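What follows is the residue order along each chain.
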Amino acid sequence: MMIKKPLQAAAALVATIMVLSGCSTSNQTAAAEGAPAANESCAPGKERPRTGDEAPPTTKTGKQLKIGVSPTAMDTYYKRVLAGVQEEIDASGGESAIRLDVQAPTSQSATEDQVRSVESWISQDYDAIVVALYNESALEPLFQKAAERNIPVFTFNSPIVCSSYVVSDVGYDQSEGGRAQAQWIVDHYGSEQKNVAILEGLPGPHTSERMRGFEEIMKDHPNFKVVARQPAGWTREAGLTVTENILQAHPDVDILVGLYDEMALGGLEAIKAAGKEGKVDIIGYENIREANDAIKSGEFVATVDTGAKTVGANIIETVKSYVAKGKTVPTRVFNDVKVYDKTNISTFDPNDYVYVPPTGK
Amino acid sequence: MNVKLAVREPRVASIPSLLSTSAGRIFLVFALVVLALGISSPAFFTVDNIVNVTRQMVFISIIAFAASFVIGLGGIDLSVGANVALTGLVMADLMLHGVNIYLAIAIGLLLGAFYGLVNGLLINRLGIAPFIATLATMIIGRGIIQVYSGGIPKTGLRFPEFEYWGQGLILGVPVPVIIMVLAFAICFYLMYRTKFGRFNLSIGSNREAARLVGIPVARIEITVYVLTGLAAAVSSLLLTSRLEAAMPEAATNYELDVIAAVVIGGTSLIGGRVSLLGTLIGAALMAVVRNGINLLNVNTFWQQVVIGSIILIAIAYDGIAGRRARRTPKTVSAPVHRELAVK
């Protein structure tokens, strides 16, 4: 009797595993395409129309502008954006012209921290608020409140911005980053038969937008077979483990695509440990310093630079045009992305990684 | 001081006796999951993949062995993830500043142990509940990491003497796996073959009684937190060496994975009942499930659901089968020390 029942339970367990693994693989594509748009005018990849809900442009001159900037975290990427912000402020007259306040939440998903920062800026009547969105809907009521107090709100590094209270979304088209990765693959390998594995980020708009662009190019090139696509949490740690596992199931992977360099660098460690160095080509995303070095040493074949520092400069420029010069600005201020590989990596200026103080100081 | 507790001799395992312990029941679940994955994915039962999974479970299981002492004593340690990230950054920083590799590692291990000591003192000397004390030191630790690193990883740790720990092989076996086996042997010996281990369990089952019979409760309680801190630092050494980089966000949620591994293994969160073998199988179960999910290319959105469900099924099964086993008269023995009986 003691053996009988445990075996029943065990059978149920096995069945559960089989069902879960079986049915979820077949649902893969359907679920991945579902990046829900909040309304018709805000489909991914379409420019948002101006509604008039946002705070109007102003001509505040001769006074110090107070700008609050809230990234979703303080990491390598945002450090680079902020370097661009600071350089543009320096070029616009330094601290006497623009006072910058940066508040990063303690973790990527700590939206409440962002809410607190933005609330305090609204109550102190800042001249502009700039937010990188992790969770748009959580901040929507605050954007409305800011607009009602005539404080213009801008966003950056936010894949899908639907709020009508946002004046401008500064950044780059995330799907363009995915398209750039895919286009490089197509240009480089042509009609060769290649197996591709993809390290995605956490499920969410960043991942779905990049993948949308990637698939848009890949659908016309069936010679590239995506044998695995798995989330690796944006981190090197998970990139390593997930790649190790993918290589077990698919030892024939030719190309590893990471939707962020950190994950791709983890993948590199896994590939090295499996003795497949040079046999799997790695394509990263973001052109962080180590990825840049990896291209120079031949460990990566390519990465996409999304112009982090340009984003920073564009933020200040857009805010200045709108708040100080009273000009209208587009709802999207996007810069281009650029692919680096061994042919052009030497043209990259390493100063792009750091804050360069104004000369003569 | 001379407390002696009766421990029965190991028995020859038959299937019913295997199922009369938590470790045995979890092993059955583990074996079935392994079997199911082996049938679903041809890549699962390859030597490479088995080495692979074993290497992946190391980081969690080393901490989980030590945390079994903490949990066996009725405590908990939520700060291990922060400890891993902090000691990793400090080791990396020292090495990048030209400090001797072994000295840097030693300082890292001491720092990890010190982190544990702080936990132990807060809990034992100030009487703060373990959950609260280690929650606070976790938050403080993660904060210090942000201030200290500025959110920037410390990379480029390509020193052969350092890479060896996470990437080296001894007779074809990965060094981290050897360290895990050693850690298990040491913890097993401490838990079941020394007074320290018996005292630890006695405190977990009845703290007041343990104190009255003269068990040095304070010393043991502080020691187990130091041990866990040290284990976190060892895990950090292996992880940092494996990645050749120390990341500020490293080891996120390790504390939860550690607790899950210990609890899946049948150790009681109330204390007094520890199954180290169960902890090992618990850590292996989680690693195998994650590996299987990658091998089978299970959809992104389903992964968490699958992992959570398997944890629940494993624990629920252990609970139900365990209650049934306890109701069967012939297997009833001194309840507190049943786990000691089966090795």
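Residues numbered from 1 in each chain as written. Chains lettered and ligands numbered in written order. Predicted model: local features only at pLDDT ≥ 70, side-chain atom pairs only at ≥ 80, totals over all residues.

### Some details on the sheet that holds strand E1 (residues 65-70) of chain A
Residues and elements named next belong to chain A. Filter applied, for reference: Criterion used throughout: strands pair if DSSP finds at least two bridges between them. The helix and strand labels rest on DSSP assignments: H or I over at least four residues marks a helix, E over at least two residues marks a strand, and numbering proceeds from the N terminus. Fitted lines through C-alpha atoms give the axes, limited to the stretch in contact for helices. The angle between two N-to-C directions lies from 0 to 180 degrees. Here the contact rule is simple: place C-beta atoms from the backbone, and any two residues whose C-beta atoms are within 7 Å are in contact.
A sheet is described by the order of its strands in space; here six strands give the open sequence E2-E1-E3-E4-E5-E11, paired in parallel fashion. Edge positions in the sheet fall to strand E2 (98-102) and strand E11 (332-334), since each of these pairs with one other strand and no more. For this sheet, the mean angle separating the axes of adjacent strands, direction not counted, is 20 degrees. Bridge analysis of strand E4 (residues 153-156) against strand E5 (residues 166-171) gives four bridges, and the strand direction is parallel. Each bridged residue has a counterpart across the sheet, and for Phe156 the counterpart in E5 is Val170. With respect to the sheet, helix H4 (residues 111-123) is in contact with E1 and strand E3 (128-132), its orientation differing from that of E1 by roughly 170 degrees. Running at roughly 155 degrees to E5, helix H11 (residues 308-324) makes contact with E1, E3, E4, E5 and E11 of the sheet.

### Regarding unusual backbone geometry
Residue and element names in this part refer to chain B. Quick note on the threshold: Buried means a residue has 20 or more other C-beta atoms within 10 Å of its own C-beta, exposed means 12 or fewer, and partly exposed covers the counts in between; C-beta atoms are placed from the backbone.
Positive phi is not limited to glycine here, since Leu171 has a value of about 50 degrees. Residue Leu171 is classed as exposed on the basis of its C-beta count, with 5 C-beta atoms lying within 10 Å. Phi is positive for Glu244, close to 55 degrees, though the residue is something other than glycine. Within the secondary structure, Glu244 is located in the loop between helix H11 (217-243) and strand E4 (245-246).

### Some words on the domain arrangement of chain A
Residues and elements named next belong to chain A. Convention followed: These domain boundaries are the output of an automatic or database domain assignment. Side-chain classes follow a simple rule in which Ala, Val, Leu, Ile, Met, Phe, Trp, Tyr, Cys and Pro form the nonpolar group, Asp, Glu, Lys and Arg form the charged group, and the remainder, Gly included, forms the polar group.
In terms of domains, chain A is made up of domain 1 (65-172 + 308-336) and domain 2 (175-305). Taking only C-alpha atoms into account, the centre of domain 1 sits 30 Å from that of domain 2. Every contact between the two is made by five residues of domain 1 and, on the other side, seven residues of domain 2. Each residue belonging to the side of domain 1 that touches domain 2 can be placed in one class, and the counts come to four nonpolar, one polar and no charged.

### Thoughts on helix H9 (residues 195-205) of chain B
Taken together, the buried positions of H9(B) are occupied by B:Gly197, B:Phe199, B:Asn200, B:Leu201, B:Ser202, B:Ile203 and B:Gly204. Those residues of H9(B) that are buried lie in contact with helix H3 (47-72), helix H8 (175-193), helix H10 (207-212) and H11 of chain B.

### Quick look at the UniProt feature "transmembrane region" (unreviewed entry) in chain B
Residues and elements named next belong to chain B. Put simply, the rule reads: UniProt positions are given in the numbering used here, feature names are shortened, and annotations may be inferred rather than shown by experiment.
As annotated in UniProt, the feature "transmembrane region" (unreviewed entry) corresponds to residues 26-45, 57-81, 101-122, 129-149, 169-192, 258-289 and 301-320 in the numbering used here. In this annotation, residues 26-45 is assigned 75% helix and 0% strand; the end-to-end C-alpha distance for the span is 20 Å. For residues 169-192, helix accounts for 75% and strand for 17%, while the C-alpha atoms at its two ends are 30 Å apart.

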